[in-house]
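# Results of the structural survey
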Amino acid sequence: MNRQNIYLPYLMRIEKITEEAPSVKTFKLKFVDEEDAKKFSFKTGQFGEYSVMGEGECTFCIASSPTREGYIECTFRQVGKVTTALANRDIGDIVGFRGPYGNIFPIDEWKGKNLLFIAGGIALPPMRSVIWNCLDLRENYKDITILYGAKTVADLVYKEELREWESRADVNLITTVDPGGETPDWKGKIGFVPTVLDQVSPKSENTIAVVCGPPVMIKFSLPILEKLGFTEDTIYTTLENRMKCGFGKCGRCNVGKVFVCKDGPVFTFKQLKELPDEY
Amino acid sequence: MDSIRKKVTELLESGAVKVVIGYGEGSDNNVKAIFVRKPQDASKLIYDERCVQNLAFYLMKHEVKHMGKRGVIAPLSVMRTVLQVASECQLKEDEVVVLGITSEKELVEFSNLKELETYISKSDLSLPAKEKEIMDKIEAMSPAERWQYWTNQLSKCIKCYACRAACPMCYCIRCQVECNQPQWITAEATPMGNVEWHLMRAMHLAGRCVNCGECARSCPMEIPINLLTYKTVSMVKGNFEVYAGASSTMESVLSSYKSDDKENFIR
Amino acid sequence: MNIEKKLIKPASLEKLVILLKEEGKQIFAPVKKDNLVNFAEISTLQEMTEDYILTVQSAKSVAFPKVENLFDIKTTKESITLTDKNLNEIPEIVLLGARPCDAAGFDSLNAIFTWDYIDSIFVERLKKVTIIGMSCNKYDAKCFCTSMNGNPGDTKGSDILLTKTNDGNYLAEIITEKGKGIADKHSSLFESISDTIDKNKFIAEVPVKFDLKQILENINKSFESDLWVEQSLRCISCGSCAYVCPTCACFDIQDIYNGHEGHRKRSWDSCGFGLFTLHTSGHNPREVQSQRWRQRVMHKFAYMPDRQQVVGCVGCGRCSRACPVDMNLKEHLINLAEEVVK
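Just so it is clear, the model here is predicted, and its values are computed rather than measured. (Residues numbered from 1 in each chain as written. Chains lettered and ligands numbered in written order. Predicted model: local features only at pLDDT ≥ 70, side-chain atom pairs only at ≥ 80, totals over all residues. Heavy atoms only, no water.)

### Comments concerning the interface of chain A and chain C
The interface is formed by 43 residues belonging to chain A together with 45 residues belonging to chain C. The contact between chain A and chain C buries some 3,800 Å² in all, and 56% of this surface belongs to carbon and sulfur atoms. Interface area lost by chain A to chain C is led by Tyr7, Lys249 and Glu278 of chain A, which between them contribute 19%. For the interface between chain A and chain C, the tally reads 8 salt bridges. The closest approach of N and O atoms between Arg252 of chain A and Asp269 of chain C, which form a salt bridge, is 3.0 Å. Our count for the contact surface shared by chain A and chain C stands at 29 residue pairs in polar contact (both at pLDDT 80 or more). Those elements that place two or more of their residues in the side of chain A that touches chain C are β3 (47-52), β4 (56-61), β6 (94-101) and β14 (258-259) of chain A. Considered class by class, the residues forming the side of chain A that touches chain C number 19 nonpolar, 11 polar and 13 charged. (Contact = heavy atoms within 4.5 Å. Buried area = accessible area lost by both parts, 1.4 Å probe. Salt bridge = Lys/Arg side-chain N within 4 Å of Asp/Glu carboxyl O. Polar contact = N/O pair within 3.5 Å; in protein donor to acceptor, adjacent residues only side chain to side chain. Helix = DSSP H or I, 4+ residues; strand = E, 2+ residues; numbered from the N terminus. Nonpolar A, V, L, I, M, F, W, Y, C, P; charged D, E, K, R; others polar.)

### Notes on the domain arrangement of chain B
Residues and elements named next belong to chain B. Domain annotation of chain B identifies domain 1 (2-121) and domain 2 (129-242). Taking the mean C-alpha position of each, domain 1 and domain 2 sit 27 Å from one another. A buried area of about 1,100 Å², summed over both sides, lies between domain 1 and domain 2, and 59% of it is on carbon and sulfur atoms. Area buried by domain 1 at its contact with domain 2 is led by Phe57, Arg80 and Glu88, which between them contribute 38% of it. For the pair domain 1 and domain 2, the number of links is 1 salt bridge. (Domains from an automatic or database assignment.)

### Some remarks on the interface of chain B and chain C
In this assembly, 39 residues from chain B lie in contact with 38 residues from chain C. Between chain B and chain C, roughly 3,000 Å² of surface is buried when both sides are summed, and carbon and sulfur atoms account for 53% of that area. By the criterion of area lost to chain C, the three top residues of chain B are Glu63, Ile158 and Glu188 of chain B, representing 16% of everything that side buries. For the pair chain B and chain C, the interface holds 3 salt bridges. Its salt-bridge partner being Glu230 of chain C, residue Arg37 of chain B comes within 2.8 Å of it at the nearest N-O pair. Counting across the chain B and chain C interface gives 14 residue pairs in polar contact (both at pLDDT 80 or more). Per element, the largest residue contribution to the side of chain B that touches chain C is 4 residues, and it comes from strand β2 (residues 31-36) of chain B. Here the residues of the side of chain B that touches chain C are counted per class, giving 16 nonpolar, 11 polar and 12 charged.

### Observations regarding a nonpolar patch on the surface
Residues Met203, Phe240 and Leu254 of chain B make up a contiguous nonpolar surface patch of about 310 Å² in total accessible area. Assignment of secondary structure puts Leu254 of chain B in the segment after α10 (226-240). (Patch = residues over 30% accessible without salt bridge, like charges linked within 9 Å, V, L, I, M, F, W, Y side chains within 5 Å. Areas by Shrake-Rupley, 256 points an atom, 1.4 Å probe, with all protein chains shown as cover.)

### Thoughts on the nonpolar core
Ranked by internal contacts, the top residues of the largest apolar core, which has 192 residues, are Tyr58, Ile73 and Val82 of chain B together with Leu95 of chain C. For this core, the leading source of residues is helix α8 (residues 289-308) of chain C, giving 7 residues. Residue contributions to this core reach at least three from each of two domains, namely domain 1 (2-121) and domain 2 (129-242) of chain B. Not counting chain neighbours up to four residues away, the residues in contact with Ile73 of chain B comprise Ile4, Val8, Val20, Ile21, Gly22, Tyr23, Leu45, Leu55, Val78, Leu99 and Ile101 of chain B. Of all hydrophobic cores here, the second largest spans 36 residues; its members include Val24, Ala63, Ala150 and Val210 of chain A. (Core = buried A, V, L, I, M, F, W, Y, C linked by side-chain atoms within 4.5 Å. Buried < 20%, exposed > 50% of the residue type's maximum accessible area, 1.4 Å probe, protein only.)

### Some words on the packing of helix α5 (residues 129-139) of chain B against α10 of chain B
All names here are of chain B. As a packed pair, α5 and α10 sit with axes 11 Å apart at the nearest point and diverge in direction by 75°. It follows that α5 is roughly perpendicular to α10 by the angle criterion. Across the interface between the two elements, Glu131, Ile134, Met135, Ile138 and Glu139 from α5 touch Asn226, Leu227, Tyr230 and Lys231 from α10. Here the residues of the contact of α5 with α10 sort into 5 nonpolar, 1 polar and 3 charged. (Axes fitted to C-alpha atoms, helices over the stretch in contact; angles between N-to-C directions. Parallel < 35°, antiparallel > 145°, perpendicular 65-115°, else oblique.)

### Section: the pattern of salt bridges
If you walk through the whole model with that rule in mind, you get 55 salt bridges over all chains. Salt-bridge contacts for Asp28 of chain B lead to Lys142 of chain C; the nearest nitrogen and oxygen are separated by 3.1 Å. Of this pair, Asp28 of chain B sits in the loop between β1 (19-25) and β2 while Lys142 of chain C sits in the loop between β7 (129-134) and β8 (160-164), each in a different chain. Residue Asp28 of chain B is classed as partly exposed on the basis of its relative accessible area, which comes to 35%. We classify Lys142 of chain C as buried; its relative accessible area is 10%.

### Some points on the pairing of strand β2 (residues 24-31) of chain A
Residue and element names in this part refer to chain A. A large share of β2 lies buried, amounting to 6 of its 8 residues. One ladder, built from 8 bridges, connects strand β1 (residues 10-21) with β2; its direction is antiparallel. Following the sheet pairing, Arg13 is matched in β2 by Lys30. As consecutive antiparallel partners, β1 and β2 are separated by 2 residues, and within that stretch Ser23 has a phi angle of approximately 65°, a positive value. (Pairing = 2+ DSSP bridges.)

### Section: the side chain of Gln295 of chain C
Tracing the chain through its elements places Gln295 of chain C in helix α8. With near-sequence residues (within four places) excluded, Gln295 of chain C lies in contact with Gly251, Asn254 and Glu278 of chain A together with Cys271, Arg286 and Tyr303 of chain C.

### Let's talk about the sheet that holds strand β7 (residues 114-120) of chain A
As a general point, the strands of a sheet are linked pairwise by backbone hydrogen bonds and lie either parallel or antiparallel. Residues and elements named next belong to chain A. Across the sheet, 7 strands lie side by side as β10-β9-β8-β7-β11-β12-β15; this open sheet has mixed pairing. Each having just a single partner strand, β10 (189-190) and β15 (266-268) make up the two edges of the open sheet. Relative to the sheet, helix α3 (residues 124-136) contacts β7, β8 (144-150), β11 (207-212) and β12 (235-238), its axis offset from that of β7 by approximately 155°.

See the structure below:
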């Protein structure tokens, strides 16, 4: 298909649907057109506009790693018109995808460093891509620690992934649920993510931290990271904002002169601090 | 005018109100809404035939609401709006001080909304001459001619929704037009789509419109859209003997049921 | 290309309109209807009005229509077919009588629609528009083109610019290759003109209201100013300013679909609307009008100059004319600049 029309999406077939948590699903998507699949590539951190034809478009990150070719994955929560239409799709149905858009996690710059991934709730999807990307290139990195928490056990997403990461000797996985969110057979930690972060006290020397989560989680995790010795340009996060076009034209996602769809969604905390209070 | 400025200064100095919304000189001989917070700025208040904007709109605007108790310079349309939005629970009696103003620039003070109701019941609520002329012309048309007139006028609509933004009664947090499950009103400006939007809005305003004319004033295409809602006003008056903006406790004509309702289909 | 000066008489202009129409071009010109002047399609020059200062709406819809179909959708039980927009179906348009500020507006739009990603639909539409502009011999209090590096006789953005002289004929400046194409093809209608004709004698003199350089410098420092709240208190968020503005390009993308066929479209939107940046979670980064007013002004005067090297305003004053509550942009800019200097 001629790709001159930047609004024209790729057609993708749903290969697999995983029910991650109440109202949260993951789709594995394959290009309907083999030629599109061959020409397509993306880097970790980027996002796309996913659509149900006739219902509209929606912005999610690409949750799979670029090291795994031939398909992409996305995870979403059913909250509105388009996500409801997506949630009602079956395996074999066709959806649309435009992308990849946005900037990337600079994982090449992180070679030889320790990596600390901190995520909360539904914010694990943007991190999943970069986690798998780094794990697939494991020899490039030193220690990898993943700290992930959710409100309750049921709200933890990527349960299969969590099991895999848990079983790996070269990954230190710490999972936690909020106090009161545990089940009788829960073996992980109990406590808010920032609290557990403080307890675990990972080292900051030669370490990059990637933090994604609800604003309140980030707000309380930051001081702890600073206490541990992380600096503003060794902490990364991804921003979300309402988007429509994904490529800087509809005028919606800018925070000051920074466009989340073009200059982001990946930002260091140093860059975040320079942004006006409008996100 | 002096008595009004004096009253405003008093109210602000005593702290009885935090802000008074009134008319002030704008640019290029226009009038603009001003928000007087300092007593000395009361001298900026003016009132003349250019002052037609419905200031009551601002009583419910977020930034203004949070300033505290507010006063408002109130010609008739503003008075009626205050009563109507109070009857719809959008404004409480103790949140507002109504500074009534007659066409002779005389101040009329009200100590409560009941006094406002009495004043309005004695006022002349007929349409301004120019609008009455057009209304009479349309009333004299046959149904086919009226359809022609309105489809012609509404074909100019560009669906900017300024009419809705300007109307003090259109305060719904999620208007029908902003609903996408389902998409009731399309964004496109098509002849029939425009008619659909304006008829729907006129129906939502039946029994609620206070004839302030802000919708027509804000329309960039100068469509006399206020006449549609004025028509619903006169129909409600004819059928239910009530009109909007007459009382702060009046129930909405189209959404309240009375056991002695004229229609018997519901019994 | 050097600007060539020619003369075109009203009768020749009339003929030109007919010939261009015969070539299959659509001609849009200012037309008076029910007391308002707006661009509409014409077949003869008589339909065009010259007795006005500016049209209510800008001319941007010839390249950036209010609603634009992006592609068609057809679905059956077995398949989904997307049909790309056929750019060849986009008609050739002649925009006759556009004021210099209208013509300059397309530059801003182009900067947005070709920023890194090229919007091929917009580019194709703009490519097929030929602008035969008309200089202004009068202005009103809301005009401020000369404060925005423009002027009522500016050739920027037009392919041919007409200026009416005192004998009723038009000085025609042939500015671009596109303009030259028309002038050469219909050379009998474009006569030679005396070198001594002074265009400035027939053009309005719009006083400069502010120093644009100072405004651009100071606006960048004004994000935290209290003035944004003060200025926006009376704004009712109606969106008229964005809809009539020649440089506003914010849009929404939606699908229209009846269950088996439809299309995806982009339509005009405004950063002044409350829902513009609302997240599904209920969080709104621009919750109150003062933040939205600030976004509008800073996008045009701070962010666009920084990211696209073009100012998002041509000084036409349409926003101020359409505004029902006297949000006079020119005055606000001057106030902002003064405030920051303090």
